[in-house]
Amino acid sequence: MTEPAVDASHDGGSPGSGRTPHDAPRGLDLDRLAGWLATHRPELVDGPLRAALITGGKSNLTYLLHCGGREVVLRRPPLGHVLATAHDMAREHRVIAALAPTAVPVPEALLLCADPAVIGAPFYLMQRVPGEVLRTRAQTDPLTDGQRRDLAWAMMDTLAALHTVDPGEVGLTDFGRPEGYLGRQVRRWAGQLDRSRSRELPGVDELRDALAASVPEGVNAGRIVHGDYRLDNLLTTVDPVSVRAVLDWEMATLGDPLADLGLLLTYWDVLGDSDLAEGNPVADGLGPRAGFPTGTELIDRYAGRSDVDVGPLHWHLALGCFKLAVICEGIHYRHTLGQTLGGGFDRIGEMVTPLVEHGLRAVGEN
């Protein structure tokens, strides 16, 4: 990965070396990690460990590890307040390992550590993939119109490829429960909202209730769903244009692929075409306002390369608004507790109210 790593790298010492926790990026104990790797996967390390936090992610923490002459990527849950089931490292590791032989580009999964005693939380290591995560206008404005178009098409072609993978053929038959998936999504995100409430949120309970009362039949149930699919969860190149890897699989499951499309449109058309997009770390470089094709064009591209019945997406767009509102409120809550790393978190809370308002309009259209 070539996202900028802003925390200074630090040499790792051996266990018992007396080094302090301040010698490593926050959330990562390099001494304990080095000791664990020396016992369990010594072939991955041929020198002192150094690490840097890769910035830009708003949930799970990602670090670039320099293991002597080799670089790998470590993923762990966020610090402090963590919503149940939302940061499952074993699920992330399992799905990218399963998708390795398919047409969906993913990093190579190297190892999983489920023991929180090593660095304070479960984690996994994966291959470092060359590429760039595009999430700001400073990154996307220099692109040509053709590059922006081709990136949008590559993004949709990759999503279509994911949704055509047969879960049984890659060992993911039991990765989720497709039956009743959409209803469970509403209940799950409602529960996570309750765990993240720290202020009044007008309209959010009305949106929750409207979604619960109008859950559509899951005609496409049983596909692999990424759960947070968008441009800035992809590693890409622009010369030539390609998707090198799909990242951030923490919410992947088996369910209705229209949930991925609804959430993508929420980022693309709801936030990406809003005044909130300018300078916002979640949506700044996305959508028509940044010179990319419209959401309607994205859906047309996807429909031409997938057998998924896209149908009316109003309900799924409303669900996407509700989910993203809950995610933003959870990040806002962690930020108020001083449990976020990196910059830009002070603006995340601003997006909750307009997301709820748009979700209410969308579910009303349904």
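Preceding this paragraph is the structure being described.
Definitions and limits used
Residue positions within a chain follow its written sequence, with the count starting from 1. Residues qualify for local features only when their pLDDT is at least 70, as the model is predicted, and side-chain atom pairs are given and counted only at 80 or more; totals for whole chains, interfaces and linings, by contrast, use all residues. The side-chain numbers reported here are obtained from all heavy atoms of the structure, hydrogens and water having been left aside. Paired strands, as defined in this entry, are two strands with at least two bridges between them according to DSSP. In DSSP terms, a helix is any run of H or I states spanning at least four residues, a strand is any run of E spanning at least two, and both are numbered starting from the N terminus. Axis definition: a line fit to C-alpha positions, over the contact stretch in the case of helices; interaxial angles, taken between N-to-C directions, run 0 to 180 degrees. Every residue pair with non-hydrogen atoms within 4.5 Å of one another is taken to be in contact. The length a helix should cover is 1.5 Å for every residue beyond the first. Between buried and exposed lies partly exposed: a residue is buried under 20% and exposed over 50% of the maximum accessible area for its type, with that area taken using a 1.4 Å probe on protein chains only. Note on aromatic contacts: the rings of Phe and Tyr and the six-membered ring of Trp form a pair at centre separations within 6.5 Å, being stacked when their planes are under 30 degrees apart, edge-to-face when over 60 apart, and tilted otherwise. Comment: the charge-over-ring label is applied if NZ (Lys) or CZ (Arg) is within 6 Å of the ring centre and within 35 degrees of the ring normal.

A. Just the pairing of strand β7 (residues 234-238), in detail. In the sheet, β7 pairs with strand β8 (residues 241-246) via five bridges, with the strands oriented antiparallel. Its bridge partner lying in β8, Thr236 is registered against Val243. Linking β7 back to β8 in an antiparallel pair, the connection comprises two residues.

B. Seen up close, the sheet that holds strand β1 (residues 49-53). Spatial strand order, β1-β2-β3-β5-β4: five strands in an open sheet with antiparallel pairing. Of all strands in the sheet, those with a lone pairing partner are β1 and β4 (109-113), marking the two edges. Going from strand to strand, the sheet's axes swing by 25° on average, the running direction of each strand aside. Judged from the four bridges that link them, strand β3 (residues 70-76) and strand β5 (residues 123-127) form a sheet pairing that is antiparallel. Its bridge partner being in β5, Val72 is matched across the sheet by Gln127. Contacts from helix α2 (residues 89-99) reach β3, β4 and β5 within the one sheet, and its direction differs from that of β4 by about 155°.

C. The arrangement of helix α4 (residues 145-163) in detail. Taking 1.5 Å per residue, 19 residues should reach 27 Å; α4 reaches 27 Å between its end C-alpha atoms and fits that length. Extensive coverage of α4 is indicated by the burial of 14 of its 19 residues.

D. Molecular detail of the packing of aromatic side chains. Following the criterion strictly, the structure yields two aromatic pairs and no others. Ring geometry for Trp36 against Phe123: centres 5.7 Å apart, planes inclined by 75°, an arrangement best described as edge-to-face. Taken as a pair, Trp36 in helix α1 (residues 30-40) and Phe123 in strand β5 lie far apart in primary sequence, 87 residues in all. For Trp36, a relative accessible area of 15% puts it in the buried group. Measuring from ring centre to ring centre gives 5.4 Å for Trp268 and Phe292, while their planes differ by 65°; the resulting arrangement is edge-to-face. Of this pair, Trp268 sits in helix α7 (residues 258-271) while Phe292 sits in the loop between α7 and α8 (295-303), and the two are 24 residues apart along the sequence. Given the relative accessible area of 5%, Phe292 is considered buried. A cation over a ring is seen here: Arg91 above Phe175, with NZ or CZ 4.0 Å from the ring centre.

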